[in-house]
Amino acid sequence: MPNRPFVDLFDRSTSRRRFLREGGLAAVVAGVATACKQEPAKAASSQAAPAASGQTGGTMGANDTSKGASELAAAQAMDAMHEKGIKAFPAKTAGLGNQLLVPRIENGVKVYDITAKKIQWETEPGHMVEAWAYNDQVPGPQIRVTSGDRVKVILHNQLPESTAIHFHGLELPNAMDGVPFITQPPVKPGESFTYEFVVPNHGSHMYHSHHNSAKQVGLGLLGAFIVEPKEKTKDDTPEVDQVFILNDGAHGYTFNGKSFPATQPIVAKLGQRVRIRFMNEGMMIHPMHLHGMHMTVIAKDGWPVPAPWKCDTLNVAPGERWDVIVHCNNPGTWAFHCHILPHAESDHGMFGMVTALVVQA
Amino acid sequence: MPNRPFVDLFDRSTSRRRFLREGGLAAVVAGVATACKQEPAKAASSQAAPAASGQTGGTMGANDTSKGASELAAAQAMDAMHEKGIKAFPAKTAGLGNQLLVPRIENGVKVYDITAKKIQWETEPGHMVEAWAYNDQVPGPQIRVTSGDRVKVILHNQLPESTAIHFHGLELPNAMDGVPFITQPPVKPGESFTYEFVVPNHGSHMYHSHHNSAKQVGLGLLGAFIVEPKEKTKDDTPEVDQVFILNDGAHGYTFNGKSFPATQPIVAKLGQRVRIRFMNEGMMIHPMHLHGMHMTVIAKDGWPVPAPWKCDTLNVAPGERWDVIVHCNNPGTWAFHCHILPHAESDHGMFGMVTALVVQA
Amino acid sequence: MPNRPFVDLFDRSTSRRRFLREGGLAAVVAGVATACKQEPAKAASSQAAPAASGQTGGTMGANDTSKGASELAAAQAMDAMHEKGIKAFPAKTAGLGNQLLVPRIENGVKVYDITAKKIQWETEPGHMVEAWAYNDQVPGPQIRVTSGDRVKVILHNQLPESTAIHFHGLELPNAMDGVPFITQPPVKPGESFTYEFVVPNHGSHMYHSHHNSAKQVGLGLLGAFIVEPKEKTKDDTPEVDQVFILNDGAHGYTFNGKSFPATQPIVAKLGQRVRIRFMNEGMMIHPMHLHGMHMTVIAKDGWPVPAPWKCDTLNVAPGERWDVIVHCNNPGTWAFHCHILPHAESDHGMFGMVTALVVQA
């Protein structure tokens, strides 16, 4: 495409802007367009930089290699598929997992009813999968309590199999550990079982099935069990507190039960602190890569790390939880994805384990 | 199963107790039954809690969903398979790996004879595999020395292939490194080779084949080489010191050469400290999850970590060693398994990478 | 092979030496032969040690098991394949990746021209693969700048697909982040795009395609982007500074674009400090194991770790960078490989992810 007129490039550039405004992402990045315009101030200015630089912060130019028309058409067809996916983000689907579950209080005890049953779950627009879910959500509803709370979790089993709940990370009395035939009988179809305990160690924990678990957790019987400390530190009161559950089982590559473009972006304002609680409920590692800003690791499996450390790619293995803080000091829409690239992109565009952290100026 | 009589539930609960008493696990958990009865004191007491709570620390109840008889039968058949596996734990098999090898002393040198040969190895009851083993054990016998010791390891090769021993983690003179064609000739079938050295850096190390190693280590030519420091700290004198070798090759998913239910539980008394030396000799990561208590990581590859950190799920990659301390402050039989769930459980019950830490009150 | 004459063993031992002298490795290990001779001083001396000990630091001996002639022939045939590979190391191939790219300076801006195009790439002798390469190199040329530098990277796309460059780890303004349809339009075949910025956070970073990336990065569109700090510490001025890019895609298991025996050894003199900058551009973890000496981890993703820690096996996940220092205090040729053994060795000998650290006395 030699001698491509500049206006054409500019058109494409503005088309992109138009897309961002019209697409689903537009709403969440409203504050960002301005920020983008400010960016060139940070970039090296140079007399060599053409005028377009001011538009995108970068410069598109033609070069001297001729390409065949059919090759270019194929390339554009591929680009169109990629663009379509991003334009759809964040796509609407039926159902949202990880919704905060408000307990009922009985005699000072926080009581949570958790019903396990088979449902249909939409992981991305039009893609329905069979899920075994807690309270019709994948991940199950978020339980959030404080160390020392008296809690009762009543599991109602409406599944065709027996099940049980293990509170992964909580240091409970043995009888509450949720492992059938070791700490309790299995909870058969149609039965219920009540777990009751005083909430012990704080941190980012999980609850999930511990019976036929490769299948049951794989199908969705999992959720976040967040324990706040009695005395909160600065890291316990961030502006944004985000549970981020990774999975890779029967439902494909998902974040909080959804695949791109149906994943939910994390949205913060410039200067805010975002706490992300990564939890891996899958069978594979997922090294999570954030663009544009680093993550400061503050806790492993709920335990504060002795010396916080920084990274931009955090390897999260099955069963692990990692808490990080992101200081949102860089405005824009930042890709946030698993860096095992086949979990995130194909010839047909981004999919699976992709979302964005949007920092609004 | 509506209106299920309470006595039925109680029966099942006591059946479980009876099982634990009669099954193989009963012997090691003798002290635990009492502890279980004490647990409810830790749990939140509530007027709403039914009487059964005192039995298990939890409450089994019926709920209002009717289930078909055939579905329930299928669920019970699955439960029976799961129960059978747990009832069999710890199952007896022929042969135990990782047995301490007592050296003979010659002129102040600790001399270890290691014979590599092909054997049959029972990984779980009735499941025999071909193994290439050191001294008829998988893992090979445990070598345990102290920094500064003068050591001779005499490898006798009775295999159909050449071989050699690499002392993984030990900072030896190059000629003792055990890599055929780089540091020594291969040790051919029928030959022997003597490694001799002053033991250098302490820590949890390994010895294994470094010739055609994907096959030879995969078949079992591996063992623990523990080097005690000259001056011991508190962490070097725990009540229980457990080598824990993970593998996933030709022999399936194993801990110290055995698959559940033939894996060996770790047994400690309440208040004791258990040091676990994880070593991965396989091809995959294994995030090891301990229930009920956390692990404090004290060393990586034999080197003390600058600041010990806590976790309940520790990702162990091939070739890595991680030393952890568990303060056994929570009585009970605690599941301890790889959290890649398909390495630990199937429709037929737990298998492979599952064991238990039993804390006796 | 009972009653094998000692002279035979000695011959084989010297044959190995002859091989090392005649083979490709000979040139780089010139200083090592002497070191090997010094090694026995470190080893435990013992009256029981036969004379051969002085030759190799170890002792080869016959043992009492007879082996069939055909079995031994098979073993020797396997050994010959293993020997052949090591003898060939480091094997010459066409093309070397990761070559330092000298920028041209325009108005105080460092300008880098990066041309992406399809080439043929030789990963090991005679094995040609299709690569999508930057400046005809896999990995692409190494860009090495200093924090605060003004930089322009001009991407020229001569590929049959659109592409874009993401500067992985650099905290750039959003418009320079290189994600098509989020931060810029895709750079179509025949077009160019200029990235310009002031270099932000220092450390070991990467640049690679972020468009159709599972394919494009898999085929080779990747390279190291090293940012030196403005004020250098001791760790920033090691005698040897080595980028070490791991990959496992369409090109097989590679280090810096080459498979053993075409991988390049790292060569240092006794007492020197080697800094290794691991970067994983593949889809799998690679736990890198160094023989003979430990590695001190000093940075993760370019960020200094709060407390350096030691290891001999470092698990590097996709997208991660880890910087380590090796104090070369142990002379010899040390195997250095991924410890997922099937990535490094087969019945046919070492291959893929194997190289050596040569410490010359």
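In case you missed it, the structure is sitting above this.
Not measured: the values here are computed from a predicted model.

Draft legend 1. Spatial organisation of the sheet that holds strand β7 (residues 165-168) of chain A. All names here are of chain A. Taken together, the four strands give an open sheet; going across it, the order is β5-β10-β9-β7, and neighbouring strands pair in mixed fashion. Either end of the sheet is taken by a strand with one partner, and the two such strands are β5 (143-146) and β7. The average angle at which neighbouring strand axes cross in this sheet is 25 degrees, direction not considered. Bridge analysis of strand β9 (residues 203-209) against strand β10 (residues 222-228) gives six bridges, and the strand direction is antiparallel. Bridging across to β10, S204 finds its partner in I226.

Draft legend 2. Examining the interface of chain A and chain C more closely. Taken together, the contact pairs 68 residues of chain A with 64 residues of chain C. The interface formed by chain A and chain C includes two salt bridges. The salt bridge partner of K188(C) is D79(A), with a shortest N-O separation of 3.2 Å. Where chain A packs against chain C, one counts 22 residue pairs in polar contact (both at pLDDT 80 or more).

Draft legend 3. Here's a closer look at unusual backbone geometry. Residue and element names in this part refer to chain A. Residue F89 is joined to P90 through a cis peptide bond whose omega torsion reads -10 degrees. For P90, the location among the structural elements is in the loop between α5 (69-88) and β2 (104-106). With an omega of -10 degrees, the peptide bond between V138 and P139 qualifies as cis. The topology assignment puts P139 in the loop between β4 (127-134) and β5. At D301, a position not held by glycine, the phi torsion is positive, near 55 degrees. Following the sequence through the fold, D301 ends up in the loop between β16 (295-300) and β17 (303-311). Note on D301: relative accessible area 0%, which makes it buried.

Draft legend 4. Region of interest: the relation of the copies chain B and chain A. For the pair chain B and chain A, the relating rotation is 120 degrees, the translation along its axis is 0.0 Å, and the fit reaches an RMSD of 0.0 Å. Seen this way, the second copy is the image of the first under a three-fold rotation axis. In terms of proximity to the rotation axis, the leading residue of chain B is A307(B), whose C-alpha is 4.6 Å off the axis. Here only 3% of the contact residues of chain B are again contact residues in chain A; the copies associate through non-equivalent surfaces.

Draft legend 5. Layout of the side chain of R273(A). Residues and elements named next belong to chain A. By the element assignment, R273 lies in strand β14 (residues 273-280). Look at R273 and you get buried, because its relative accessible area is 11%. Those residues in contact with R273, other than ones at most four positions away along the chain, are K234, D235, P238, E239, V240, I325, V326 and H327.

Draft legend 6. A look at the sheet that holds strand β15 (residues 286-290) of chain B. Residues and elements named next belong to chain B. Here we have five strands laid out as an open sheet, ordered β13-β23-β20-β15-β18, and mixed in their pairing. In this open sheet, the two strands that pair with only one neighbour each are β13 (266-269) and β18 (313-316). Mean inter-strand twist for the sheet, computed between neighbouring axes without regard to direction, equals 20 degrees. Across six bridges, the pairing between strand β20 (residues 332-338) and strand β23 (residues 354-360) is antiparallel. Residue pairing in the sheet places T333 in a bridge with V358 of β23.

Draft legend 7. Just α5(A), in detail. All names here are of chain A. Helix length check: α5 (20 residues) gives 28 Å between terminal C-alpha atoms against 28 Å at 1.5 Å per residue, within 8%. Buried residues of α5: L72, A75, M78, D79, H82, G85 and I86, and no others. Around the axis of α5, the buried residues are gathered within 140 degrees of arc, so they sit on the same side. Turned more than 90 degrees from where α5 packs its buried face, A69, S70 and K84 sit exposed.

What counts and how
- Residues numbered from 1 in each chain as written.
- Chains lettered and ligands numbered in written order.
- Predicted model: local features only at pLDDT ≥ 70, side-chain atom pairs only at ≥ 80, totals over all residues.
- Heavy atoms only, no water.
- Pairing = 2+ DSSP bridges.
- Helix = DSSP H or I, 4+ residues; strand = E, 2+ residues; numbered from the N terminus.
- Axes fitted to C-alpha atoms, helices over the stretch in contact; angles between N-to-C directions.
- Contact = heavy atoms within 4.5 Å.
- Salt bridge = Lys/Arg side-chain N within 4 Å of Asp/Glu carboxyl O.
- Polar contact = N/O pair within 3.5 Å; in protein donor to acceptor, adjacent residues only side chain to side chain.
- Buried < 20%, exposed > 50% of the residue type's maximum accessible area, 1.4 Å probe, protein only.
- Least-squares fit on C-alpha atoms with pLDDT ≥ 70 in both.
- Expected span 1.5 Å × (residues − 1).
- Arc of directions from axis to C-beta.

Nothing here speaks to function; it is geometry throughout.
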